[in-house]
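# Chain and residue survey
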Amino acid sequence: MTPRQREVLALVGQGLDCARIASALAIAPHTVRKHRSQLLAKLGQRNTVQLLVHASAIGLRADSTENSDRNGYRDLGPRQRQVIDLVAAGHTSKEIARRLGISPLTVRKHREIAMRKLGVHCMADLIRLARPRLPFLKLDLATVGPMP
């Protein structure tokens, strides 16, 4: 990974979009998209959410969630926790919907409600907040089905 790609990955990990990354690095948005595309290929990731997860996993993150309620999971419903854990594991809304037997729009709604309850405003913060839970999850995706 080049130093510039590492910078782009760190900014993606902070939840910045292409325009903001371009502004921060004084490069064109097209160049940011090119770097992001190369990162996806190099790291074997399929989408930006997975890049966020990867950046979080290797410690390239901002500390914007330091003041967030780390115990906010107790305020979430069981389905909201499932969705957030799967998002933090790098799954897309469509993948989550298929695994849980619900609509992608329902997945989005569960994610939005959970983000509001947890006090986070972007996917990067959500992933950083949920990431520490992942080693303790006993979620077997092959057996997850619709809730009764």
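Right above here is the structure, for reference.
Residues numbered from 1 in each chain as written. Predicted model: local features only at pLDDT ≥ 70, side-chain atom pairs only at ≥ 80, totals over all residues. Heavy atoms only, no water.

With that out of the way, let us pick up the environment of Asp 75. Of note, Asp 75 is situated in the loop between α4 (48–57) and α5 (78–88). With relative accessibility at 43%, the residue Asp 75 sits in the partly exposed group. In this structure the C-alpha to C-alpha distance between Asp 75 and Leu 118, which are 43 residues apart in sequence, comes to 8.2 Å. (Helix = DSSP H or I, 4+ residues; strand = E, 2+ residues; numbered from the N terminus. Buried < 20%, exposed > 50% of the residue type's maximum accessible area, 1.4 Å probe, protein only.)

This part takes up helix α1 (residues 3–13). Of the residues making up α1, those classed as buried are Gln 5, Val 8, Leu 9, Ala 10, Leu 11, Val 12 and Gly 13. Looking at the buried positions of α1, the neighbouring elements they touch are α2 (18–25), α3 (29–43), α4 and α8 (123–130). Backbone geometry just downstream of α1 places Gly 15 in the positive-phi region, at approximately 90°. (Contact = heavy atoms within 4.5 Å.)

Counting 37 residues, the largest nonpolar core has Ile 21, Ile 96 and Leu 126 as its most contacted members. Of all elements in the fold, only α1, α2, α3, α4, α5, α6 (93–100), α7 (104–118) and α8 reach the threshold of two or more residues within this core. (Core = buried A, V, L, I, M, F, W, Y, C linked by side-chain atoms within 4.5 Å.)

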